[in-house]
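# Chain and residue survey
So you can see what is in the structure, the chains are spelled out below.
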Amino acid sequence: MAGETDARSLTRHRLVEQVYGAIFSEITEGRLPPNTRLIQDELADAYGVSRQPVQQALLLLRNHGIVRDAPRRGLVVAPLEAAFVQNLYEVRGVLEGLTSRLAAERNPARAGREGLPLVAAGRAAAQAGSVAGLIEADIAFHRFLGEIAENPIIVETAAPHFNHLRRIMGEVLREDEAMPTRIWDEHAAILDAIAAGEAEAADRLSRQHIARAATIFVERLQAQEDAFALEARSRRVRR
C-alpha cells in the first residue's frame with residue numbers, strides 16, 4: 001500500500017515538473033509574453049492534464065519569480081525588469097570571473113578536452129537559429145565551467161538564477177541574429193584561456209563577456225520599459 005502511495009506521489013511530482021517546464025518554455029520562447037494572464041482551466045486543457053498539476057506548477061513559477069499576482073487578473077507572466085537584470089548580471093560577472101579563474105588553475109586539461117564539444121554544440125545551435133538550443137548550450141557551457149572550477153558553493157549560488165537567465169537570453173536572442181555568433185566567439189576565447197592555464201586572462205574575459213551581455217540586455221529592456229510607460233501616459237491623456 002505504501003509503495004502504491006509513493007508511486008502515485010512520484011507520478012504527480014513528475015507531472016507538475018512537466019507542466020512547469022511546458023509553461024516556462026512557452027514564456028521563454030515568447031508564446032506567453034510578459035503580463036499574459038495565466039488561466040488554469042485553459043492551461044489544463046492545452047496540456048491535457050487536470051487543474052491540480054497546473055495549479056502547483058504556477059505556484060512554483062510564482063515562487064521562482066517567473067509569474068506574479070496581478071490585481072483582479074490572477075497570475076500573469078512577470079515582466080523582465082531592467083533593474084533586476086542589471087543587478088543579476090553584476091553578481092554573475094563576479095561569479096563567472098572567479099569560476100573561470102579557478103577552472104584555469106585546477107582543470108585546464110579537462111577544459112581543453114571536454115569543453116570543445118560544448119562550444120561546437122553552441123556554434124551548431126547558432127547556425128541552426130535555434131533559440132532553445134542556444135539557451136541550453138549556453139547553460140551547459142557555464143555549468144561545465146562551474147563543475148571544473150571544483151567549488152560547489154559557486155554552483156549552488158548560481159543555480160537559482162538559471163531560469164531568469166534563460167528568460168533573458170530568450171528575450172534578446174529572438175531579436176538579434178548576430179548575437180549568438182558573438183557569444184560563442186567569446187565562449188571559445190574563455191575556454192582557450194582556461195585550457196592554457198591562464199587564470200588571470202580567463203577571469204578578465206569572463207567578466208568582459210558578462211558585462212557586454214548585460215549592457216545589451218539592460219539597454220533593450222529599458223527601451224521596452226520606456227516605450228510601455230510612454231504608451232501608458234498617452235492612454236491616460238486620451239481619457
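Residues numbered from 1 in each chain as written. Predicted model: local features only at pLDDT ≥ 70, side-chain atom pairs only at ≥ 80, totals over all residues. Heavy atoms only, no water.

As recorded by an unreviewed UniProt entry, the protein chain carries the name GntR family transcriptional regulator and is attributed to Methylobacterium terrae.

This paragraph deals with the overall build of the protein chain. If you tally the helices and strands in the protein chain, you get 10 helices and three strands. Mapped from its N terminus to its C terminus, the protein chain presents α and β elements in the order α-β-α-α-β-β-α-α-α-α-α-α-α. With the principal axes as the frame, the protein chain shows a C-alpha extent of 65 × 55 × 35 Å. Split into buried and exposed, the 239 residues of the protein chain put 41% on the buried side. Residue pairs at least 24 apart in sequence account for 76% of intrachain contacts in the protein chain once pairs closer than 6 positions are excluded. Taken as a whole, the protein chain presents about 13,000 Å² of accessible surface, with 53% of it coming from carbon and sulfur. Charged side chains in the protein chain number 30 positive and 33 negative. The centres of these two groups are separated by 6 Å. (Helix = DSSP H or I, 4+ residues; strand = E, 2+ residues; numbered from the N terminus. Buried < 20%, exposed > 50% of the residue type's maximum accessible area, 1.4 Å probe, protein only. Contact = heavy atoms within 4.5 Å. Areas by Shrake-Rupley, 256 points an atom, 1.4 Å probe, with all protein chains shown as cover. Lys, Arg positive; Asp, Glu negative; His and termini not counted. Charge placed at Lys NZ, Arg CZ, Asp CG, Glu CD.)

Further remarks concern the sheet that holds strand 3 (residues 74-77). The three strands lie next to each other as 1-3-2, forming an open sheet whose pairing is antiparallel. The open sheet terminates on both sides in strands that have one partner only, identified here as strand 1 (37-38) and strand 2 (67-70). Bridging between strand 1 and strand 3 involves two bridges; their strand directions are antiparallel. Following the sheet pairing, Leu38 is matched in strand 3 by Leu75. (Pairing = 2+ DSSP bridges.)

Here the focus is unusual backbone geometry. Within the chain, Asn35 stands out as a residue other than glycine whose phi angle is a positive 75 degrees. With respect to the secondary-structure elements, Asn35 resides in the loop between helix 1 (2-28) and strand 1. Residue Asn35 is classed as partly exposed on the basis of its relative accessible area of 29%. For Glu150, which is not glycine, the phi dihedral falls at a positive 60 degrees. Position of Glu150 relative to the elements: it lies in the loop between helix 6 (131-149) and helix 7 (152-158).

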